[in-house]
Number of protein chains: 2
Amino acid sequence: MDPDAVAKAFVEHYYTTFDSNRAGLANLYQESSMLTFEGQNTQGCQSIVAKLTSLPFQQCQHAITTVDCQPSGPAGGMIVFVSGNLQLTGEQHALKFSQMFHLMPTPQGSFYVLNDIFRLNYA
Amino acid sequence: MDPDAVAKAFVEHYYTTFDSNRAGLANLYQESSMLTFEGQNTQGCQSIVAKLTSLPFQQCQHAITTVDCQPSGPAGGMIVFVSGNLQLTGEQHALKFSQMFHLMPTPQGSFYVLNDIFRLNYA
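Here the structure is a predicted model, which means the values were calculated and not measured.

This next bit is on the packing of aromatic side chains. Working definition: an aromatic ring pair is given by the centre-to-centre distance plus the angle between the planes. The final tally for this structure, using the stated rule, is 19 aromatic pairs over all chains. Note on tyrosine 15 of chain B and phenylalanine 97 of chain B: the rings are 5.8 Å apart at their centroids and 50° apart in plane angle, and the pair reads as tilted. Here tyrosine 15 of chain B, found in helix α1 (residues 3–20), pairs with phenylalanine 97 of chain B, found in strand β5 (residues 95–105); they are 82 residues apart in sequence, far enough to count as distant. Each ring, one from phenylalanine 97 of chain B and one from phenylalanine 118 of chain B, has its centre 5.6 Å from the other, and the planes form 20°; the classification is stacked. Pair noted here: phenylalanine 97 of chain B is in strand β5 and phenylalanine 118 of chain B is in strand β6 (residues 111–120), with a separation of 21 residues, a long-range link. For phenylalanine 118 of chain B, a relative accessible area of 3% corresponds to the buried category. Every member of this aromatic cluster is reached through a ring pair, and the members are Phe10, Tyr14, Tyr15, Phe18, Phe37, Phe97, Phe101 and Phe118 of chain A.

Dropping the structure here:
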């Protein structure tokens, strides 16, 4: 397994799903998952998806600038760190954002999101 | 232990040390530690400190805008996510940056940095 390839595939899948079918992100979170979105904490798959689907913008497009990844320890997890631009439909300027994911392996050989922290950078 | 208080204390200590005595950051890394600085990977305390002390700016000042933290799993680790401004001495404009740390507990009851990823946001 090439960690960079896994990270890039995850990032591609995550933001494509976010921009086209946000509720579909439920497949990536579990009950232990945590989201901190602009400083607001949410825990558990259902609460996280409720948060993400109720954000004050309905349509958006993420454009990724950088993806960095590192293994996170003996449990087989991976840190994925993303920077990019978030274009809200109808808005003139894109917003810069940074986001980190801590992915943990599932028994099925896939990954789920244990930690998710999102911040706008107010460029 | 209040995770938010630990995260804030770590962040205060880290950037104060970075801005005043960068080589002193050696106390925060171990042999398993990883740094990705603007996409460049370094591993191990000695290599990381060599990287940080050889950056093309000698004097700088970090100003922190946000600090988010989450527990990272059963091993007692913690994710710390920082955004802020980096002012290089002699430069007119500050640079925006984002940085994440994955802190792991030491047997002495302290923490070391297992994962460190830094990115400028080019505002």
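Quick look at the pattern of salt bridges now. Here the idea is simple: oppositely charged side chains can pair when their charged atoms come close. Applying the stated criterion across every chain, the model contains three salt bridges over all chains. A salt bridge links arginine 119 of chain B to aspartate 68 of chain A; the nearest nitrogen and oxygen atoms lie 2.8 Å apart. Within this pair, whereas arginine 119 of chain B is found in strand β6, its partner aspartate 68 of chain A is found in strand β3 (residues 60–71), the two belonging to separate chains. Residue classification places arginine 119 of chain B among the buried positions, given a relative accessible area of 11%. Taking relative accessible area as the criterion, aspartate 68 of chain A reaches 5% and is therefore assigned buried. Glutamate 38 of chain B is the partner of arginine 119 of chain B in a salt bridge, and the nearest nitrogen-oxygen pair spans 4.0 Å. Linking arginine 119 of chain B in strand β6 with glutamate 38 of chain B in the loop between β1 (29–37) and β2 (40–43), this pair joins segments that are 81 residues apart in sequence. One connected set of salt bridges, linked through shared partners, spans Asp68 of chain A together with Glu38 and Arg119 of chain B.

This part takes up the UniProt feature "domain: NTF2" (unreviewed entry) in chain A. Residues annotated in UniProt with the feature "domain: NTF2" (unreviewed entry) correspond here to residues 6–120 of chain A. The span residues 6–120 of chain A is 21% helix and 50% strand, and its two end C-alpha atoms sit 25 Å from each other.

The subject of this paragraph is the environment of cysteine 69 of chain B. Looking at the secondary structure, you find cysteine 69 of chain B in strand β3 (residues 60–71). Not counting residues up to four positions away in its chain, the partners in contact with cysteine 69 of chain B are Pro3, Asp4, Ala7, Met78, Ile79 and Val80 of chain B.

Below, the discussion takes up the relation of the copies chain A and chain B. In screw terms, the move from chain A to chain B is a rotation of 180° and a rise of 0.0 Å along the axis, fitting with an RMSD of 0.0 Å. The superposition of one copy onto the other is thereby described by a two-fold rotation axis. Mapped onto chain B, 100% of the interface residues of chain A are again interface residues, and the two copies thus contact each other with one and the same surface.

Once that is clear, we can look at the confidence of the model for chain A. When pLDDT is averaged along chain A, the result is 95, and 99% of the positions lie at 70 or above. Interface predicted TM-score (ipTM) for the complex: 0.95; the corresponding pTM is 0.96.

What follows covers the interface of chain A and chain B. Note on interface size: it is often stated as the accessible area lost on association of the parts. With 26 residues of chain A in contact, the opposing surface of chain B contributes 26 residues. Here chain A and chain B share an interface that buries about 2200 Å² over both sides, 60% of which is from carbon and sulfur atoms. The interface formed by chain A and chain B contains two salt bridges. For the pair chain A and chain B, the number of links is 11 residue pairs in polar contact (both at pLDDT 80 or more). Elements with a contribution of two residues or more to the side of chain A that touches chain B: β1 (29–37), β3, β4 (78–88), β5 (95–105) and β6 (111–120) of chain A. By residue class, the composition of the side of chain A that touches chain B is 10 nonpolar, 12 polar and four charged.

The rules behind the values
Residues numbered from 1 in each chain as written. Chains lettered and ligands numbered in written order. Predicted model: local features only at pLDDT ≥ 70, side-chain atom pairs only at ≥ 80, totals over all residues. Heavy atoms only, no water. Phe/Tyr/Trp six-rings, centres within 6.5 Å; stacked < 30°, edge-to-face > 60°. Helix = DSSP H or I, 4+ residues; strand = E, 2+ residues; numbered from the N terminus. Buried < 20%, exposed > 50% of the residue type's maximum accessible area, 1.4 Å probe, protein only. Salt bridge = Lys/Arg side-chain N within 4 Å of Asp/Glu carboxyl O. UniProt positions renumbered as here; feature names shortened; annotations may be inferred. Contact = heavy atoms within 4.5 Å. Least-squares fit on C-alpha atoms with pLDDT ≥ 70 in both. pLDDT = per-residue confidence, 0-100. Buried area = accessible area lost by both parts, 1.4 Å probe. Polar contact = N/O pair within 3.5 Å; in protein donor to acceptor, adjacent residues only side chain to side chain. Nonpolar A, V, L, I, M, F, W, Y, C, P; charged D, E, K, R; others polar.

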